[in-house]
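What follows is each chain in one-letter form.
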Amino acid sequence: MSFSGPANRRNRGASDAPIPKYRVRCVGGGEIVEDISLLSCPNGHDSLLRAEYADRRLPLAPHPGIFRYIAWLPVRWPLLPAGGPVAFPCKELSRELGLTNLAVSFSGYFPEQGATLTSCSFKELEAAPTLQRLFELGGKIPVIASAGNTGRAFAELSARCGRPVVIVVPERAVPRLFTTQPAHDLFLVSVAGDYSDAIAVSNALAAVPGCVPEGGAKNIARRDGMGTVMLDGAVTIGRMPDHYFQAVGSGTGGVAAWEAAIRLRRDGRYGTILPRLHLAQNAPFTPMVSAWNDRRREIIATIDMPNARENVGRVMSDVLTNRNPPYAIAGGLYDALAKTDGSMYSVSNAEGAEALKRIRETVGIIDPDPAAAIAVGALIRAAGNGSIGADDHVLLNITGGGYERVREDFVVHPVEPVAGIGIHEPVETVINELKEWISRYG
Ligand SMILES: *Cc1c(COP(=O)(O)O)cnc(C)c1O
């Protein structure tokens, strides 16, 4: 991975153009993709695209939050103010689990620990670089389908920075959206139906001129934003952990942790062995656990997610119920697990409830996101059955929390839909409303 190829040598010559900060490669085909704004491989490979940064060693920037790691984010300037993940040792939880080298990385709101993500989940780590990157690439407006946390993160960033964002959510997710300052640049659409219906509407809206689909796992800004959890963990403890624990729905955070670790390995100062991914889903909806336990790249709905609709309704953490995760795609979660000798865990609601209590008592976060409890459930099991060593270095990603804490410090503003769409209603009316709204941003 050298940046002294012919193109760059030419750049350094007569034109004096700066060497680009990063380039984009198709993981599946291995070729460089010239148009860095693409979400998919233009040569048709079923693959994620990945950023390759010119800085081989990670310099720490004097910016707050995730922008401390701006060298490995696909943006030129920070979007401030910004929070980030915070890593800290947790003596009580370590003692209870018999682990000597456990570090917690928390993404949420817990100012006593320096955690200032006011939208309360690690989705805020994705939203900031995504908005900044789109702005730098010409100012297209992102369209986001969300079941809650992602929408809230983008709404909060839009309110904070005054950048336009289109968010599409299922009706029942509307109450989950709030901002800590009034949002004036949001186009929120509420859809009668479930998350899949919201995705269908968002696809139609993203085709409106001036808009782009946010891209989910295919968006490199999103993955590299989430990857700062691994970067921050390694920088804080001085090395890559041996094990990384997280609850997953799409698995994007797992892919991001793996990609960040690949960059840290290349840096050379943080160790040579990629952390093993330990990723958890919430039973009874566990498609990736089922496919991975068979070492199968394809998720087969009838085998891996039977009774999907019912089972989705039975979990304590519905942010973990993605039915279309980037698992099989080249560079996706199957590859991340295969390359890191990873494990998947199916964690029950009962284990989750027990873990939630442990987090409250030991980490001191009173309202961790239920997803975090699922991750801790997996850690409790792994520590108990010896699949991780007592002295191994462990990084536990507590992906959200602080929903109550944030209300003590801020006036919380609900976000009202500007448009609603019924189950069999044509999307055209909303498209026209969106076009009119966009004309304001000319
Ligand atoms: C989205 C989400 C997850 C799962 O993240 P992925 O890596 O995208 O699967 C976990 N915890 C919380 C709080 C989330 O919002």
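This structure is a prediction, so every number in the text was calculated from the model and none was measured.

Explanation requested: helix H16 (residues 428-439) in the structure shown.
Working note: α-helix, 3.6 residues per turn, so residues spaced by three or four point in the same direction. The end-to-end C-alpha distance of H16 is 17 Å, a good match for the 16 Å that 12 residues give at a rise of 1.5 Å each. Residues Val430, Ile431, Leu434, Trp437 and Ile438 constitute the buried set of H16. On an axial view of H16, the arc spanned by its buried residues comes to 125°, and they lie on one face. Across H16 from its buried face, at more than 90 degrees, point the exposed residues Glu436 and Ser439.

Any chance you could explain the nonpolar core here in plain terms?
Counting 76 residues, the largest nonpolar core has Phe67, Leu333 and Met344 as the members making the most contacts within it. Of the residues forming this core, the biggest block, eight residues, is contributed by helix H8 (residues 252-267). Sequence-distant contacts of Leu333, defined by excluding residues within four places in its chain, comprise Gly251, Gly254, Val255, Leu279, Met288, Pro326, Tyr327 and Met344. If you look at the next biggest cluster of nonpolar residues, it comprises 36 residues, including Leu93, Leu102, Ile359 and Val376.

Looking at this model, I keep getting lost on the domain arrangement of the protein. Mind explaining?
A common way to state how big an interface is: give the accessible area lost once the parts meet. When its domains are assigned, the protein resolves into domain 1 (86-116 + 221-405) and domain 2 (141-209 + 412-441). Each of domain 1 and domain 2 was reduced to a C-alpha centroid, and the two centroids are 28 Å apart. Contacts between the two partners involve seven residues from domain 1, matched on the other side by six residues from domain 2. Approximately 560 Å² of surface area, both sides summed, lies buried where domain 1 meets domain 2, with 32% of it carried by carbon and sulfur atoms. The largest per-residue losses of area from domain 1 upon contact with domain 2 belong to Asp318, Val319 and Tyr403, which jointly make up 55% of the total buried on that side. For the pair domain 1 and domain 2, the number of links is three salt bridges. A class-by-class count of the residues in the side of domain 1 that touches domain 2 yields two nonpolar, no polar and five charged.

Help me understand the site of the ligand, please; the structure alone is not making it clear to me.
Taken together, 17 residues form the shell around the ligand, and within it Lys123, Gly249, Ser250, Gly253 and Thr399 come nearest. Here Gln246 contributes a side-chain N or O atom positioned 3.0 Å from an oxygen atom of the ligand. The backbone of Gly249 places a nitrogen or oxygen atom 2.6 Å from an oxygen atom of the ligand. Protein contact buries 97% of the 380 Å² of open area that the ligand shows by itself. Counting residues per element, the ones that place at least two in the shell around the ligand are strand E13 (243-247) and H8. Residues of the shell around the ligand, tallied by class, amount to seven nonpolar, eight polar and two charged.

Teacher, can you tell me more about the sheet that holds strand E18 (residues 419-421) here?
Strands pair in a sheet through their backbones, by hydrogen bonds, and they do so in one of two ways: parallel or antiparallel. As summarised here, the arrangement of the five strands in space is E12-E8-E9-E11-E18, forming an open sheet in which the pairing is parallel. Edge positions in the sheet fall to strand E12 (211-213) and E18, since each of these pairs with one other strand and no more. Across the sheet, the axes of successive neighbouring strands diverge by a mean angle of 25°, strand direction being ignored. Here strand E11 (residues 186-191) pairs with E18 via three bridges, running parallel. By the bridge assignment, Val191 is partnered in E18 with Ile421.

Would you mind showing me how to read the packing of helix H3 (residues 123-136) against helix H4 (residues 149-161) here?
Helices that pack against each other are described as a pair by the angle of their axes relative to one another and the distance between those axes. The contact between H3 and H4 brings their axes to 8 Å, and the two run at 50°. When the axes of H3 and H4 are compared, the pair comes out oblique. Crossing of H3 against H4: the hand is right-handed. Every residue of H4 that contacts H3 at Lys123, Glu124, Ala127, Ala128, Thr130 and Leu131 is listed here: Asn149, Thr150, Ala153, Phe154, Leu157, Ser158 and Arg160.

Would you mind going over unusual backbone geometry with me for this structure?
Leave glycine aside and you will find that most residues have negative phi; peptide bonds, for their part, are mostly trans. In this structure, the amide linkage connecting Leu80 to the following residue, Pro81, adopts the cis form with an omega of -5°. You can see Pro81 is positioned in the loop between strand E3 (49-53) and strand E4 (86-89). Put simply, Ala283 and Pro284 share a cis peptide bond, and its omega is 10°. Here Pro284 lies in the loop between strand E14 (276-282) and helix H9 (287-293).

Calculation criteria
Residues numbered from 1 in each chain as written. Predicted model: local features only at pLDDT ≥ 70, side-chain atom pairs only at ≥ 80, totals over all residues. Heavy atoms only, no water. Helix = DSSP H or I, 4+ residues; strand = E, 2+ residues; numbered from the N terminus. Expected span 1.5 Å × (residues − 1). Buried < 20%, exposed > 50% of the residue type's maximum accessible area, 1.4 Å probe, protein only. Arc of directions from axis to C-beta. Core = buried A, V, L, I, M, F, W, Y, C linked by side-chain atoms within 4.5 Å. Contact = heavy atoms within 4.5 Å. Domains from an automatic or database assignment. Buried area = accessible area lost by both parts, 1.4 Å probe. Salt bridge = Lys/Arg side-chain N within 4 Å of Asp/Glu carboxyl O. Nonpolar A, V, L, I, M, F, W, Y, C, P; charged D, E, K, R; others polar. Near = heavy atom within 4 Å. Polar contact = N/O pair within 3.5 Å; in protein donor to acceptor, adjacent residues only side chain to side chain. Areas by Shrake-Rupley, 256 points an atom, 1.4 Å probe, with all protein chains shown as cover. Pairing = 2+ DSSP bridges. Axes fitted to C-alpha atoms, helices over the stretch in contact; angles between N-to-C directions. Parallel < 35°, antiparallel > 145°, perpendicular 65-115°, else oblique. Left-handed = near helix turned anticlockwise from the far one by under 90°.

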